[in-house]
Each structure stands twice: as structure tokens, then as C-alpha cells.
Amino acid sequence: MVPGMDLHHLKYFVVLSEELHFGRAAQRLHMAQPPLSQRIKDLEKELGVLLFHRRRTGVELSEAGALLLEHARAVLDNVAMAQESIRRIRPGASGVLQVAVPPDTNPVALSAMVSSFSSIAPDVLLNLHELTTVEQVERLRDGELDVAVVRHPLNAVGFESGPVFSRALGVVLNASHPLAALDAVPLGELAGNPLIIFPRHMAPPLYDSFLQTCRDSGYLPAAIVHARNQHFTHGLVLAGRGVHFNEEPWTPLPAGIVWRPLVGDPLAWRTSALWLKSRRSTETDAFVEAVGVGLRAGGHG
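By convention here, each chain's residues receive numbers from 1 onward along its written sequence. With the structure being a predicted model, the display of local features is reserved for residues of pLDDT at least 70 and the display and counting of side-chain atom pairs for 80 or more, all residues being used for whole-chain, interface and lining totals. Excluded from the side-chain calculations are hydrogens and water; all other atoms, namely the structure's heavy atoms, are used.

The protein carries the name DNA-binding transcriptional regulator, LysR family in an unreviewed UniProt entry, which gives Arthrobacter cupressi as its organism.

Here it is as C-alpha cells:
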């Protein structure tokens, strides 16, 4: 295997080699066809060879593709055996549950989820990961995660979802901003202000939904500024570089920044547990129950 080769791309290659048709391979992988096609192209570019001959009725393995397939199956089999061995590290039949949450998950909600799950399934080791929506969905499809806590909307074809909980978002403003004097801010009144928001690649449907709601309410940002880290975001707000949407703060904001609710609650985090039907178990059911406990504790309704 080439150093640095993405195992996800390798799995997509093997499935396409078995199906010899992008549509059927995408369906088997629970993903859309264009992303699959792009990842195969990325793999070919990385290796510097053509792996498939594209035909009208499907694809055929090239000579290089046939050679890679011999090694790829062995690599994936070894990885699967290693993952299974790791899952058995903790004594007991239940083993380990691999779960993921968004990077900005409310700490009160996260703590309540973990405590609730521990009380429901005390013999199961909960292995937590901090991942974006795109990363969560990809790892669920690849079997690296058992359950994810995701934000809606998203492409959930092939998945099952727990109850969706909602948490209204407000706006984070510089304390000197004229709108900071209001008890609640109409979304349209923010027109002309730059918007500080997470990068689109982290959760494309959610990003697009936010911007559409802003446009529908009359808020056309003067600029879009992308930020992932909360400290960086707050620094931008303090510097007067824009406004930011988030839930009501769980700890005091830095001096010079204020949070105000939005009139009518037009924006919200809509959150649920998500899993592949094929990976449902008593352990996943226990975590889905714990997610509800945690989100309610974090102010979701």
C-alpha cells in the first residue's frame, strides 16, 4: 500500500471493482454517485495510473486496477481484523461503542450523554470522537463509527435517525454594536453585517440552510468569514469583523461581546443520533436514549 493512501478511498475502489458500475457501487456504499466518482479520480491521481476504463454500460478494471485489487483486499481484511481486536480490548460481550459528536457540542449536553449511557450500559466502553458532519457520515458508512450525533439538515439516505431535538440560536455581537441594545434582534436587521460562520465543507446542507434563512429574512451579509474555533470566532467579533450565530452561552462571554436571541427563533441547531440500519444493537439503542437525555439537559427541546 502506498504510504499515506486513504483507506476510505481504497474501500471505495474495492466495491467499485466488485460492482463495475458507479451507480450500484454508490448504492452499496450508501452514498451519492458524484462523490464516489470524485474519490476514485482522487485515488487515480494519487497513484498516477488509470484504475478503470470507463464504458457506457459501466467500468472495467485496468491492468493497474487488477494489480491494486489483489493488494487492496488483503489490506482491508487486515484492517478489519485489527479493528475487531481493538473492539475486544475491554472485557465483556458488549465491548466498545464508537460514537462521534460535533466539535461545538454543548459541554453540559455531552456530560449528561456520557453519564446517562454509563448508567444504562455500564459494561460498555464509550469511545468518543469530535468530528464534523461530513466526517461523521463518512465514518458511519465505512463502519468506523456505530452512532453519531449530527446536525440537520444532512443527506441521511441509508441511515436511521433518533428523535430530532431543537435548540434556538441567537446572535453574538460586539457590545458596541447598535443592535446590542435590543433585548431580541430581528434577523433582517443584521443586513450589511459580515457573517462569521463555520466553513461549508464541514456541513454543506446545514451551511446552505443557514444562508437561505438569512436571505429569506432580509439579511444579506456584507461578507462571509469562516471560523471553526470558538476563540478565533470571539476574537473576530471583538475586532468588529462580523456577527456570529450560536446557542445561548453556557459560560460568560469575553468582555466586549454579548449574546442576544433572534426574534421568532428563525435559526436553530436541530440535532439527533444517526446510525446505519445494519449496525443497530442494544448498545446503539442505549446511546440513542442517552443522546436524548443529554440534549434535553443542554437546553434542546
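That covers the picture; the talk isn't over yet.
A. Inspection of the environment of T282 at higher detail. Along the chain, the position of T282 falls in helix α9 (residues 282-297). C-alpha separation for the pair T282 and S161, spaced 121 residues apart in sequence, amounts to 15 Å. Under the DSSP-based scheme used, a helix requires at least four consecutive residues in state H or I and a strand at least two consecutive residues in state E, with every element numbered from the N terminus.

B. Geometry of the packing of aromatic side chains. Two aromatic rings, drawn from Phe, Tyr or Trp (for Trp, its six-membered ring), form a pair once their centres lie within 6.5 Å of each other, and the interplanar angle then sorts them: stacked below 30 degrees, edge-to-face above 60, tilted otherwise. By the definition in use, this model includes six aromatic pairs. Relative to F287, the ring of F117 lies with its centre 5.9 Å away and its plane at 75°, an arrangement referred to as edge-to-face. Note that F117 is positioned in helix α5 (residues 107-120) and F287 in helix α9, a separation of 170 residues in sequence. Judged by centre distance (6.2 Å) and plane angle (65°), the rings of F198 and F210 are edge-to-face. With F198 in the loop between β9 (195-197) and α7 (204-216) and F210 in helix α7, the pair connects residues that are 12 residues apart, well separated along the chain. Both residues of the pair, F198 and F210, count as buried. Relative accessibility thresholds used throughout: buried, under 20% of the residue-type maximum; exposed, over 50%; partly exposed, between the two (1.4 Å probe, protein chains only).

C. Highlighting helix α1 (residues 7-19). Each residue after the first adds 1.5 Å to the expected span of a helix. Taking 1.5 Å as the rise per residue, α1 with 13 residues should run 18 Å; its terminal C-alpha atoms sit 19 Å apart, in good agreement. Inspection of α1 places H8, H9, L10, Y12, F13, V14, V15, L16 and S17 among the buried residues, and these make up the whole buried set. A positive phi of about 55° marks L20, the residue just after α1.

D. Region of the structure containing the pattern of salt bridges. Any Lys or Arg side-chain nitrogen found within 4 Å of a carboxyl oxygen on Asp or Glu counts as a salt bridge. According to the stated counting rule, one finds 13 salt bridges in the structure shown. Taking the shortest distance from any N to any O, the salt bridge between R280 and E160 comes out at 3.8 Å. Of this pair, R280 sits in the loop between β13 (268-276) and α9 while E160 sits in strand β6 (residues 159-161), and the two are 120 residues apart along the sequence. Here the residues in one salt-bridge network are E18, E19, R24, R28 and R73, joined through shared partners.

E. Molecular detail of helix α8 (residues 230-238). Listing the buried residues of α8 in full gives T233, H234, L236 and V237. The buried residues of α8 occupy one face: seen down the axis, they fall within an arc of 155°. Among the structural elements, β8 (170-174), β9, β10 (224-226), β11 (243-246) and β12 (257-261) are those in contact with the buried residues of α8. For α8, the capping residue at the N-terminal end is N229, with a side-chain oxygen 2.8 Å from the backbone nitrogen of H231. Remark: G240 follows α8 within two positions and exhibits a positive phi of approximately 75°. It is the directions from the helix axis to the C-beta atoms whose arc is reported. By definition, residues are in contact when any of their heavy atoms lie within 4.5 Å. Polar contact is defined as a pair of N or O atoms within 3.5 Å, subject to the rule that within protein one atom must be able to donate a hydrogen and the other to accept it, and that residues adjacent in sequence are counted only when both atoms are side-chain atoms.

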